[in-house]
Amino acid sequence: MASPEQQMALFAKLDELGIAHKTVSHEALMTAEDVDKAAPGAGMSPAEGLCKNMFLKSKKGELFCFTTQTANKVDMKSVSKKLAAPECRFAGDEFLASLLKVGKGSVTPLAAISDTEIKCAFALDQRLVGQAAVWVHPLVNTQSTCLSFDDLVKFLTAVGHPPKILDFSDMVEVAAPAGGAPAGKPAKPAKPAGGGGSAKKGGEKREKGEGDKEVNKETGLGMAARKEDDFPTWYSDVITKSDMIDYYDISGCYILKPWSFSMWEEIQKFFDAEIKKIGVQGCYFPMFVSQRALEAEKDHIEGFSPEVAWVTRSGQSELPEPIAVRPTSETIMYPAFAKWIRSHRDLPLKLNQWCNVVRWEFKNPTPFIRTREFLWQEGHTVHSTLEAAGEEVLEILELYRRIYEELLAVPVVKGKKTEVEKFAGGYYTTTVEAYIPATSRGIQGATSHCLGQNFGKMFNIEFEDEKGQKQIPWQNSWGCTTRSIGVMVMVHGDNMGLVLPPRVAPIQVVIVPVVYKDSAEVTNSAAYELEAKLKAAGVRVSVDARTNYTAGWKYNHWEQKGVPIRLELGPKDLAKQQVRMVKRIDNSKEDVPLSVLVPKMQLELELIQHQMYKNAKDKHNQLTKTVMKWEEFVPALNAGCMCLTPFCEEVEWEETAKKRSKEETLAGIEEEDNTATSAAAKTLCIPFDQPPMPEGTPCFISGKPAKCWVLWGRSY
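Our subject in this report is the structure included herewith.

Cut-off values and rules
Residues numbered from 1 in each chain as written. Predicted model: local features only at pLDDT ≥ 70, side-chain atom pairs only at ≥ 80, totals over all residues. Heavy atoms only, no water. Pairing = 2+ DSSP bridges. Helix = DSSP H or I, 4+ residues; strand = E, 2+ residues; numbered from the N terminus. Contact = heavy atoms within 4.5 Å. Axes fitted to C-alpha atoms, helices over the stretch in contact; angles between N-to-C directions. Expected span 1.5 Å × (residues − 1). Disulfide = S-S within 2.5 Å. Buried < 20%, exposed > 50% of the residue type's maximum accessible area, 1.4 Å probe, protein only. Salt bridge = Lys/Arg side-chain N within 4 Å of Asp/Glu carboxyl O. Phe/Tyr/Trp six-rings, centres within 6.5 Å; stacked < 30°, edge-to-face > 60°. Lys NZ or Arg CZ within 6 Å of the ring centre and 35° of its normal. Core = buried A, V, L, I, M, F, W, Y, C linked by side-chain atoms within 4.5 Å. Patch = residues over 30% accessible without salt bridge, like charges linked within 9 Å, V, L, I, M, F, W, Y side chains within 5 Å. Areas by Shrake-Rupley, 256 points an atom, 1.4 Å probe, with all protein chains shown as cover.

**What to know about the sheet that holds strand β3 (residues 63-69)**
- Taken together, the five strands give an open sheet; going across it, the order is β4-β2-β3-β5-β8, and neighbouring strands pair in mixed fashion. Of all the strands in the sheet, just β4 (89-90) and β8 (164-166) have a single pairing partner and so form its edges.
- Pairing of strand β5 (residues 120-125) with β8, which is carried by three bridges, proceeds in the parallel orientation. Within the sheet, the bridge partner assigned to Ala 123 lies in β8 and is Lys 164.
- Helix α3 (residues 76-83) rests against β2 (51-57), β3, β4, β5 and β8 of the sheet, and its axis sits at about 70 degrees to β2.

**Quick notes on helix α11 (residues 386-407)**
- Compared with the 32 Å implied by 1.5 Å per residue over 22 residues, the 31 Å span of α11 between its first and last C-alpha is a close match.
- Ala 409 sits one or two positions beyond α11 and adopts a positive phi of about 60 degrees.

**Things to note about the state of the cysteines**
- Going through the model one piece at a time under the given rule, you end up with zero disulfides.
- With no disulfide partner, Cys 120 has as its closest neighbouring cysteine sulfur the one in Cys 65, 5.7 Å distant.
- Assessed through its relative accessible area of 2%, Cys 120 is described here as buried.
- Of the cysteine sulfurs around Cys 699, a residue in no disulfide, the closest is that of Cys 648, at 3.8 Å.

**Digging into the pattern of salt bridges**
- A full pass over the atoms with the stated rule returns 37 salt bridges.
- Arg 401 is paired through a salt bridge with Glu 406; the nearest N and O atoms lie 3.3 Å apart.
- For Arg 401, a relative accessible area of 18% gives the class buried.
- Relative accessible area serves as the criterion here: at 26%, Glu 406 is assigned to the partly exposed category.
- In this structure, Glu 650 and Lys 704 form a salt bridge, with 2.9 Å as the shortest nitrogen-oxygen distance.

**Comments concerning the packing of aromatic side chains**
- Here the structure, examined in full by the defined rule, presents 25 aromatic pairs.
- Geometrically, the ring pair formed by Phe 271 and Trp 354 is edge-to-face, given 6.3 Å between the ring centres and 85 degrees between the ring planes. Of this pair, Phe 271 sits in helix α7 (residues 258-277) while Trp 354 is found in strand β15 (residues 349-358), placing the two residues 83 residues apart along the sequence.
- Judged by its relative accessible area of 1%, Phe 271 falls in the buried class.
- Among the aromatic residues, those joined into a cluster by ring pairs are Phe 285, Tyr 334, Phe 337, Trp 340, Phe 455 and Phe 459.
- Geometry around Trp 259 places Lys 561 over its ring, the cationic atom sitting 4.2 Å from the centre.
- For the cation-ring pair, Arg 566 lies above Tyr 555, with the distance from its terminal atom to the ring centre recorded as 4.3 Å.

**A look at the nonpolar core**
- Residues Tyr 235, Met 244, Trp 259, Phe 271, Tyr 400, Leu 408 and Val 487 are the most contacted members of the largest nonpolar core, which totals 57 residues.
- In this view, Val 487 contacts Ile 369, Tyr 404, Val 410, Ala 434, Ile 436 and Ile 443; residues no more than four positions away in its chain are not counted.
- The next biggest cluster of nonpolar side chains, apart from the first, holds 34 residues, and it includes Ile 19, Phe 55, Ala 91 and Phe 95.

**A word on a nonpolar patch on the surface**
- On the surface, a nonpolar cluster with roughly 250 Å² of combined accessible area is contributed by Tyr 248, Ile 250 and Ile 255.
- Within the secondary structure, Tyr 248 sits in the loop between β9 (245-247) and β10 (254-256).
- On the basis of relative accessible area, Tyr 248 is assigned to the partly exposed category, the value being 39%.

**Section: the sheet that holds strand β14 (residues 317-325)**
- Spatial strand order, β12-β14-β13: three strands in an open sheet with antiparallel pairing. Looking at which strands have only one partner, the edges of the open sheet turn out to be β12 (288-290) and β13 (309-314). With strand direction ignored, the average angle separating the axes of adjacent strands in the sheet is 45 degrees.
- Both β13 and β14 contribute to a ladder of five bridges, which runs antiparallel. The partner of Ala 309 across the bridge, within β14, is Val 325.

Written as structure tokens, this is what we have:
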């Protein structure tokens, strides 16, 4: 969101350039439809000067701001062609904050004043040429500023962004009336995404409340893209429209809103209780680490060095030496361990902290999945023997499996990382690996590492055993992050929005009273009585009795937020002593007698949880293919599968597989250096569940004797 100072600087620049302008205030306008509706009351005319803006990012990473009239329909393919930019899509909101310094809904060509590094190109529709009045936001969407087209071009040129004028006259018709329907055709109401006003089994129509109507695009509900057509836009849409996150003005950093943070709290609640059963205690260590401590373990810091953020100044003064912000806490905690541990009686030491870490990742940031700051738990334990350490590694890994499969309903594969993929400086790494069918990408869910004795040697951690001999202990570290929430969204979400597993849903059941003037009090009272009964039974439930929204709008709203069950309660339902149940997982509907509502909801929530896991597991199994020879490998990857292969487990051939899979997939096309999703395949893990391997089975790529089955895939 632009500050008042930024807006004052904008107006001062317009005055400096001798540009005549006037500004009006109005309610926040998020869409072109909002602009058209607000224009008459705000004195914004003529209609031909009302503008909408598209903030775009090309496949190559180029950024564009395109301005056209609100009445114009311009498809993305046409804009991409005119910009000579391949496969443009809507850019993430993080670029709005970090580059143009505006918030969502406030895209404007006037934001060019903030792009001092000239990272964004600006383009104007040729149909605006000659307009005496062009209305655009002055960095905020609660105001609109009027200036002429020529003056807009003058301004953009003066701030280093001479605009490109795009001519669409050679393309299929684009204009439509302000109402949104093509000329000569009545506008059809959009079909609700969910069960609003739907028919009962047998054809009997549901009752509608006062003012209820079909939900259309003016509500702001509905996804801007389909999951199968434009996954990045779909994902951004789902997590913002469901109120999970908000964007921040530092790229790669995001605000977790209560809807998503409560899911993290459910994960915390489960995991914290389980690790306390095995003797793990909570703690907290500082987030800063000295350069000397961070660099004490060479292999470890080499693995993190590109991502370490450094504090170098305090106020206006340079610090004597830079201080790192923790990318992980081994080098912060282990100097303290060296002071605390003296005897075998001090072992095992088992600590866990819930905290944030910073990894200044420069690849394309994705909320929850790849961010510069994220929340996690990190466990650090010290043991007297390798056997004890190894036992705990697997105990923790099993808890991570349970987080994904039992809470998030996401299937994972438990296994061990290869030497190439293991944790830097560790002895061995175990992992739970998930898979995103919509993107054909594997993703590391959580890891449990045995660090061996390496860190003990580096930080002089020693203990005296029962015989009085000095020994170096065995250490573990393990962590799970808020990435788990993003994986859940990607696996279960659909074209209506979120689909939440009941065990982590902030609200498991929402009750929507369908009211009329003469029945509102009775219906609402009954809804709150049902809420109280369900709460007493341990169900997370809420009544949506807001009077400023129709029942149909509420149905769509809660579907978009992924609430597992919606209960619709109207006067006819009360007369029949029943309530209409609608399940988010499949939109199925059933009338439930009030007398059995509580046990019915408890049962249905469990059934939904299990069905969601089954659906995801079936898909996961379908996309896991056994591949015995190289010729089948890349075609299987290109078909969206993970590949289970016999492998010789040699580093040289693992690297060869990465390189060859990338080369064969790209076929000479150059891949961007900063891509977050490479075309190369990598080992996801060596699954613990190993199928039988006949003696003499050759490695799928080297032809040497295979040692084990390895799971491969393209990965985030």
